[in-house]
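# Close look at the chain arrangement
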Amino acid sequence: MNSLIIKQLLLFFAIALIEIFIVSRMEITYLLTPSIYLFFIIQLPIRTPKYQLLLLAFLTGFVFDIIFHTGGIHAASTTLAAFVRILIIPAFLSAEDYDNNIHPGIYTMGTSRFLFFTFILVYIHHFAWFMLEIFKIDSIWITLFKTVLSAVFSVLLIYIIGLLFYKKKRI
Amino acid sequence: MQKLTQLLQRFGFVGFFLILEIIAFVLIYRRNIYHQAVFNNATAELIDRTLGLYTETADYFMLREENKLLAEENARLRAEVASSKYRFYDNKSKLSTPLQAYQFLSCKVVNNTTRQTKNYFIIDAGAQQGVKPDMGIISPNGIAGVVVDVSDNFALCLSVLHIELPVSVQLRKTKDFGSLEWDGKSPFYSNLMYIPTHVEIEQGDTIETSIHSTIFPEGIPVGTIESYTINPDDGYYIIRTKLFTRFTALRYVYVVNYLYSEEQKALENRKPIP
């Protein structure tokens, strides 16, 4: 159990460094603003207690709120994504996965299943984030368009990071 | 009763989720107050120091570009000094020494965003260097932002790329003034609003900071007119302005200290006697 916590902490730091120094500094266009730190919430073991998952998501968002000076926008959207993860996870996993308490990932879920799962969560996270950030309903179409583009790009980045962090074996 | 406990066990997490969301919304709502509380403490200082270290390393790769900008600025300033100006001397009234109204402090940007609709940047000068909230920030080629909060050695600044930071600007040719308001999209363009349609404008005209601002000196170049349309709602121009400052590569900036800002503000705030 202890080694799991240490591993997760190291992963969190690695993801935070990548987010702060690489992903958040990508200046492509205002329509493409990826972020990858949601990967930390996505990959938590599937039998993580619900309260713990929500609290972890809130704290993760809060850390990024402090770093990027955004009030509570990251915390609100990350908690929402964690809540959706609790709701949709039974649809994506079998009883066997539950028994093994897997970390959702490319090698444990299979590429297409993992990408679909990630896309739903990243999309919800990004949409909540953009809406809270701009706080205007009249720019909803541009926000939706921005969300789709950014979410696709984020999922691509998460896929690459997923390939880097995990070896091809069952945990 | 047993059913109620069961229900709580199954759906209690929904309540917990709602509580966390409410906390997050309170944080968003109290954004500015919260900044002041958090920004002054040691954690924020540590984060900014780390980000500063990163910028320092990244700087070496930008030196060539930076040198070019500084050389250009030097050339402009050389043209401004007294010796390069021709002056009529009147024997009757001797020129008095002009009063110093503005001072500039050179500093470096340690963290900067351009992709949000509310962008901030952090500079490596703070209360100990004499930086105070409401001071302006200019870049070597244009305006950059306004200080909103300071810690001991750092200052948090609103970028001109912030949808809630209108800047008072004027047309260099006619001195008609309007308000520069960013639309939250491209970091290279902003919109100049409230110029009446009887004013003659042309593509390529220069826009500069206006005399009404207590933050920037008058005449700091802001950008050039790219195109313009007339707003059907209020009949004023909407002028698309290409900004001189390259916000995506903002590195060295100057803090503008207007020495009479307190005095001017005190006078503006003084209520007329009824």
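Look above for the structure.
What counts and what doesn't
Residues numbered from 1 in each chain as written. Chains lettered and ligands numbered in written order. Predicted model: local features only at pLDDT ≥ 70, side-chain atom pairs only at ≥ 80, totals over all residues. Heavy atoms only, no water. 1 Å grid on protein atoms, 1.4 Å probe; cavity = no way out; pocket = protein on both sides within 12 Å on 5 of 7 lines; lining within 4 Å. Points joined across faces, edges and corners; volume = space filled by probe spheres on them. Helix = DSSP H or I, 4+ residues; strand = E, 2+ residues; numbered from the N terminus. Nonpolar A, V, L, I, M, F, W, Y, C, P; charged D, E, K, R; others polar. Phe/Tyr/Trp six-rings, centres within 6.5 Å; stacked < 30°, edge-to-face > 60°. Buried < 20%, exposed > 50% of the residue type's maximum accessible area, 1.4 Å probe, protein only.

Right, let's talk about empty space enclosed by the protein for a bit. Within this structure, the stated rule accounts for 3 cavities of 30 Å³ or more. Quantified by volume, the largest cavity comes out at close to 310 Å³. Tallying contributions element by element places helix H7 (residues 111-134) of chain A first for the lining of the largest cavity, with 5 residues. Of the residues that constitute the lining of the largest cavity, the class distribution is 7 nonpolar, 11 polar and 6 charged. There is about 100 Å³ of room inside the second largest cavity. Around the second largest cavity, the lining residues are Glu66(B), Leu69(B), Ser139(B), Pro140(B), Asn141(B), Thr245(B), Arg246(B), Ala249(B), Leu250(B), Arg251(B) and Tyr252(B). Split into classes, the residues belonging to the lining of the second largest cavity amount to 5 nonpolar, 3 polar and 3 charged.

Remark: the centre distance and the inter-plane angle together describe each pair of aromatic rings, the angle taken between the planes. Residues and elements named next belong to chain A. This structure, assessed with the given rule, holds 18 aromatic pairs over all chains. Relative to Phe130, the ring of Trp129 has its centre 5.9 Å away and its plane inclined at 90 degrees; by these criteria the two rings are edge-to-face. Classification of Trp129 by relative accessible area gives buried; the value is 10%. The class for Phe130 is buried, based on a relative accessible area of 6%. Among the aromatic residues, ring-to-ring pairing joins Phe12, Phe13, Tyr37, Phe40, Phe64 and Phe68 into one connected group.

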